[in-house]
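Spelled out from the first residue to the last, the chains are:
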Amino acid sequence: MEELRKLPAFFRRDLLVLLSYKTAVWTDWIGLLINLVTFSFVGRLVDPSRLPQFGGSRATYLQFVAVGIATSGFVQVALGQVMAAVRNEQLMGTLEALMMTPSAPATLQLGFVTFDMVYVPFRTSLFLVMAHFLFHLGFDLSGFGPAAAVMLALIPVVWGLGVVSAAGVLTFRRGGAVTGFAGAALTMTSGAYFPLDVLPNWLEAVARLNPVAIALGAARNALLGHAGWSGIVPTLLKLAPMAAISLLAGGLAFRLALRRERRLGTLGLY
Amino acid sequence: MPPDGSLALEVSQVSRRFGALQALDQVTIKVARQQIHALLGPNGAGKTTLLRIVTGLLQPDSGEVTAAGVAAGPDSREYRKAIAMVPSGDRTFYLRISGLENLAFFARLDGRNRRDSLQRARKCLEAVGLTEAADRRVGVYSHGMQKRLAMARALLGSPSVLVVDEATHDLDPEGARRIRALVVQAAERGAAVLWATQRLEEVKGFAQVVTVLRSGRVRFSGSVPELLATVELRRFLLRVRTGSNVPPTADQLAAALAQRGSVQATPDVEHFIVTLEDEVLLGDVMNDLGAHGIQVVACQEERSQLEEAFLRLTGDGEQA
């Protein structure tokens, strides 16, 4: 319990740091909206009959891709931030100062991402609400709750993968390229920008196992297909074991990486 | 002997190797509560490796480290509660947020709640004279202010052991004096201080015990007077003149020395470096110079006794 009480300190620290970069906050949001405008034009080229149906009705491309942009943004930011958090601490020289505090490694792992795990779902939800009103997307407003629940269930999956990346950063210093590749691969096979059935059969089979694709399908069903709370239960059941495996792998990888750094004495090197 | 007899930090037979380099070899150091223990050594002597082991950032290959009776270990939170460090570098804070928020953050990682953390942070900022700068971003702090902030952070948890790594090496004299005063206060409140430094003169009148490391081994461990006793000074810088206020020549000084040492002229006509043979007493030489009509206006060690001892112990004395 004492360790959990430390997490708000990380949240406050990162909120203060974020607020000190006001321009970056605004440009992030403007970038998201420009992205959506871009896809609204791309949508004019897409044959609506190629898009999947949700709850018996066919979605427009903009409806389809808006949920995809929100979710892939969620994954990219969450995955990248977990890794970047460790890297930033290394570059700022604060990693060793943190390691000298009487905090458990798991507390630090959680602390590094506490803010993002709150801010990123908030950013995703707000983006969808704004897109709904600005572009008249006609989302089922009662679907926002279930969609948010799916995103919350996706958090530990992404976090675990992020922690594995963070362990890679501790060990190999520059793990950004690997994380970028992993994020791109997850996004490409998630169906964020196109339906999975346009992929080759073998890749589609792999993509169906992608936790992001699973979460994205459920979020679309909630927002576009009126699936409701009962519609997300199978998805939550699928994501739960993935989350457990991801968290275990992340925790183990980080602990091993930390132990290795302490053994070699290279914790502060970057 | 420790001031109150109780050991706070024990480093026992610690060895550490990096590939072919034996960075530390069977190093043993004991620091008592209220004691300031200086760690001296040239670059590459093993000081930083030792400090990283003491702070739990690095594991030794063999040997044991205990602080306040708790053994160091890779996951020992109790050990880390007992230790605090003032690092040598500046960049150990979040530069975009204030000094107060930085300290409150680290105080919360010590296990305090938000209110206690803020109170403690304010108290520590006051102790290091940073109250007025508390709400300013650390990024605008001067170098000396960041050092004091690092000291304030180290004092947040009232640690049993305070490790200070080269905290004054790039500070102006006033900044260095302030840091030393804060360390002395911490020791007076009961902390055992392990102080790594290259500033030889600052250990005088400051540290009770000195350990000199060279090539990963302890070359000397004892009090400052004991360290000074390891050398007998032989070289002196003399400022001299004759009764007629005309500077003497080197030959006149050599004649007064009468084969008991050598004289070396300097660019300044009034200054000479005199090197005495073993067993020759400086007082006798002064008397003889006076008898030859040479007045000694000033006499100082050509190199400090501490520096002499340091160089001798770390193996560079012959070259100096």
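In what follows, the structure referred to is the one given above.
J.: So what about helix H9 (residues 211-224) of chain A? Which residues, and what values?
T.: Residues and elements named next belong to chain A. In a regular helix each residue adds 1.5 Å, so 14 residues correspond to 20 Å; H9 covers 20 Å between its end C-alpha atoms and thus fits that length. Counted residue by residue, H9 has 14 buried out of 14 residues, so it is predominantly covered. Downstream of H9 by a residue or two, His226 has a phi angle that is positive, lying close to 55°.

J.: Break down the interface of chain A and chain B for me, with residues and values.
T.: In many reports, interface size means the accessible area that the parts give up when they come together. The interface of chain A with chain B comprises 23 residues on the first partner and 25 residues on the second. Those elements that place two or more of their residues in the side of chain A that touches chain B are helix H1 (7-19), helix H4 (95-99) and helix H10 (233-264) of chain A. In terms of residue count, the dominant contributor to the side of chain A that touches chain B is H1(A) (4 residues). Class assignment of the residues belonging to the side of chain A that touches chain B gives a composition of 10 nonpolar, 6 polar and 7 charged.

J.: Run through the packing of helix H6 (residues 144-172) of chain A against H10(A), naming residues and quoting values.
T.: Residues and elements named next belong to chain A. At a minimum axis separation of 8 Å, H6 and H10 run at an interaxial angle of 20°. With respect to each other, H6 and H10 are oriented roughly parallel. The handedness of the crossing between H6 and H10 comes out as left-handed.

J.: Describe the environment of Asp284(B), and please don't skip the residues or the numbers.
T.: Within the secondary structure, Asp284(B) is located in helix H9 (residues 282-291). Distance in space between the C-alpha atoms of Asp284(B) and Gly175(B) is 42 Å, their sequence separation being 109 residues.

J.: Describe the pairing of strand S2 (residues 21-32) of chain B, and please don't skip the residues or the numbers.
T.: Both strand S1 (residues 7-18) of chain B and S2(B) contribute to a ladder of 8 bridges, which runs antiparallel. In the sheet register, Phe18(B) faces S2(B), and the bridge partner there is Leu21(B).

J.: An account of the sheet that holds strand S5 (residues 70-71) of chain B is needed here, citing residue identities and associated values.
T.: Residue and element names in this part refer to chain B. Read from one edge to the other, the open sheet built from 4 strands follows the order S2-S1-S4-S5, with strand pairing classed as antiparallel. Edge strands, defined here as strands with exactly one partner in the open sheet, are S2 and S5. Relative to strand S4 (residues 62-67), S1 is paired through 5 bridges, and the arrangement is antiparallel. Pairing of Ser12 across the sheet is with Glu64, part of S4. Seen against the sheet, helix H1 (residues 47-54) touches S1, S2 and S4 and runs at an angle of roughly 120° to S1.

J.: Explain the environment of Val240(B) to me, and be specific about the residues and the numbers.
T.: All names here are of chain B. Inspection of the secondary structure assignment puts Val240 in strand S11 (residues 235-242). Taking the number of C-beta atoms within 10 Å as the measure of exposure, Val240 has 21 and is therefore buried. As a C-alpha pair, Val240 and Val297 span 57 residues in sequence and 5.4 Å in three-dimensional space. In this structure, Val240 is in contact with Pro248, Glu270, Phe272, Ile294, Gln295, Val296 and Val297, ignoring residues within four places of it in sequence.

J.: Outline unusual backbone geometry, listing residues and values.
T.: Backbone geometry follows two general trends: most residues other than glycine have a negative phi, and most peptide bonds adopt the trans configuration. Of note in this structure, His226(A) is not a glycine but carries a positive phi near 55°. The residue His226(A) is located in the loop between H9 and H10 in this model. For Ser215(B), which is not glycine, the phi dihedral falls at a positive 50°. Among the secondary structure elements, Ser215(B) is positioned in the loop between strand S9 (209-214) and strand S10 (217-223). In this structure Ser215(B) comes out as partly exposed when scored by C-beta crowding, with 17 C-beta atoms within 10 Å.

Cut-off values and rules
- Residues numbered from 1 in each chain as written.
- Chains lettered and ligands numbered in written order.
- Predicted model: local features only at pLDDT ≥ 70, side-chain atom pairs only at ≥ 80, totals over all residues.
- Helix = DSSP H or I, 4+ residues; strand = E, 2+ residues; numbered from the N terminus.
- Expected span 1.5 Å × (residues − 1).
- Buried ≥ 20, exposed ≤ 12 C-beta atoms within 10 Å, placed from the backbone.
- Contact = placed C-beta atoms within 7 Å.
- Nonpolar A, V, L, I, M, F, W, Y, C, P; charged D, E, K, R; others polar.
- Axes fitted to C-alpha atoms, helices over the stretch in contact; angles between N-to-C directions.
- Parallel < 35°, antiparallel > 145°, perpendicular 65-115°, else oblique.
- Left-handed = near helix turned anticlockwise from the far one by under 90°.
- Pairing = 2+ DSSP bridges.

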